[in-house]
Amino acid sequence: MRVITGTARGRRLVTPEGFDVRPTTDKVKEAIFSAVQFELENASVLDLFAGSGQMGIEALSRGAAKAVFVDSSSQSVRCVNNNLRATKLERYAQVVSRDSYDYIKLTSSTFDIIILDPPYRHGHIGNILPFAAKKLNDGGCIICEYESDADEPSAPDGMFLRKTYRYGKINVSIFCKEIGEADEK
């Protein structure tokens, strides 16, 4: 696993071990970041269920201004911190050791891009997507990665599905918030 492009291009990343951790392949990661390339510059990014942190790190490498990485696993938090040091991107990052649901419900922060790549087979996307939508800035997007045999998540209120991409056993849906949509908290 590596950073594909940008300031940390080619840097190798480590990943935590375990059945719930499944790093996004380079092919899928490249496709995701190609789809949101014009939204990345100076963006505020939330990498929820961060795992290794590779998605948020890729965003930082490609020009995002800051990223918050959230994971409840101490092993994942250590891994994210190690990867941030290895890529020299730690000054643009905040790493939070916390349950993703608690974080998204309680944070007062808002973001331009939210990345949801939770463990598969637990129904997390559909459950957490409405909370994430409330923390999204106008014109922002939520990137959801989930198993291809799962139901496609529905667009939260005030958002629309930009597109769903299919890569073998992985689906990626990108939801966007219209500019000027009123936030309902």
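Q: Tell me about the pattern of salt bridges, and please be specific about residues and values.
A: Summed over all chains, the structure comprises eight salt bridges. Across the salt bridge formed by Asp 26 and Arg 2, the nearest N and O atoms sit 3.2 Å from each other. On the criterion of sequence distance, the pair formed by Asp 26 in helix α1 (residues 26–35) and Arg 2 in the segment before α1 is long-range, its members being 24 residues apart. The network of salt bridges with common partners includes Arg 2, Asp 26, Lys 29, Glu 30, Glu 58 and Arg 62.

Q: Let's hear about the packing of aromatic side chains: which residues, and what values?
A: Tallying each qualifying case throughout the model produces two aromatic pairs. On the numbers, 6.4 Å between centres and 85° between planes, the contact of Phe 49 with Tyr 101 is edge-to-face. Taken together, the residues Phe 49 in the loop between β1 (44–48) and α2 (54–61) and Tyr 101 in helix α4 (residues 100–106) connect sequence positions 52 residues apart. For Phe 49, a relative accessible area of 13% translates into the label buried. The ring of Phe 131 has Lys 105 lying over it, and the distance from NZ or CZ to the ring centre is 4.9 Å.

Q: Tell me about the pairing of strand β6 (residues 159–167), residues and numbers included.
A: With eight bridges connecting them, β6 and strand β7 (residues 170–177) associate as antiparallel partners. Within β7, the residue paired with Met 159 across the bridge is Lys 177. Taking the residues between adjacent antiparallel strands as the criterion, β6 and β7 are bridged by two residues, where Gly 168 takes a positive phi near 60°.

Q: How would you summarise the environment of Cys 176 if you had to cite specific residues and measurements?
A: Residue position: Cys 176 is located in strand β7. Once the C-alpha coordinates of Cys 176 and Gly 139 are considered, the two residues, 37 residues apart in sequence, prove to be 6.5 Å apart. Setting aside anything within four residues of it in sequence, one finds Cys 176 in contact with Gly 140, Cys 141, Gly 158, Met 159, Phe 160 and Arg 162.

Q: Can you tell me about the packing of α1 against α2, naming the residues and giving the values?
A: Look at α1 against α2: their axes get within 11 Å of each other, and the N-to-C directions meet at 45°. In terms of orientation, α1 and α2 fall into the oblique class. Considering only the axes of α1 and α2, their crossing is right-handed. Between α1, through Lys 29, Ile 32 and Phe 33, and α2, the contact on the second element is made entirely by Gln 54, Met 55, Glu 58 and Ala 59. A breakdown of the residues in the contact of α1 with α2 according to their chemical character gives four nonpolar, one polar and two charged.

Q: So what's going on with α2? Residues and values would help.
A: The α-helix winds at 3.6 residues per turn, so residues separated by three or four positions along the chain end up facing the same way. In terms of residue burial, α2 counts as a mostly covered element, since eight of its eight residues are buried. Taken together, the buried positions of α2 are Gln 54, Met 55, Gly 56, Ile 57, Glu 58, Ala 59, Leu 60 and Ser 61. Tucked inside the fold, the buried residues of α2 contact α1, β1, β2 (66–71), α3 (74–87), β3 (93–97) and β4 (111–116). Looking one or two places after α2, you find Gly 63, whose phi comes out positive at around 115°.

Reading the values: rules and limits
- Residues numbered from 1 in each chain as written.
- Predicted model: local features only at pLDDT ≥ 70, side-chain atom pairs only at ≥ 80, totals over all residues.
- Heavy atoms only, no water.
- Salt bridge = Lys/Arg side-chain N within 4 Å of Asp/Glu carboxyl O.
- Helix = DSSP H or I, 4+ residues; strand = E, 2+ residues; numbered from the N terminus.
- Phe/Tyr/Trp six-rings, centres within 6.5 Å; stacked < 30°, edge-to-face > 60°.
- Buried < 20%, exposed > 50% of the residue type's maximum accessible area, 1.4 Å probe, protein only.
- Lys NZ or Arg CZ within 6 Å of the ring centre and 35° of its normal.
- Pairing = 2+ DSSP bridges.
- Contact = heavy atoms within 4.5 Å.
- Axes fitted to C-alpha atoms, helices over the stretch in contact; angles between N-to-C directions.
- Parallel < 35°, antiparallel > 145°, perpendicular 65-115°, else oblique.
- Left-handed = near helix turned anticlockwise from the far one by under 90°.
- Nonpolar A, V, L, I, M, F, W, Y, C, P; charged D, E, K, R; others polar.

By themselves, these figures tell us nothing about what the structure is for.
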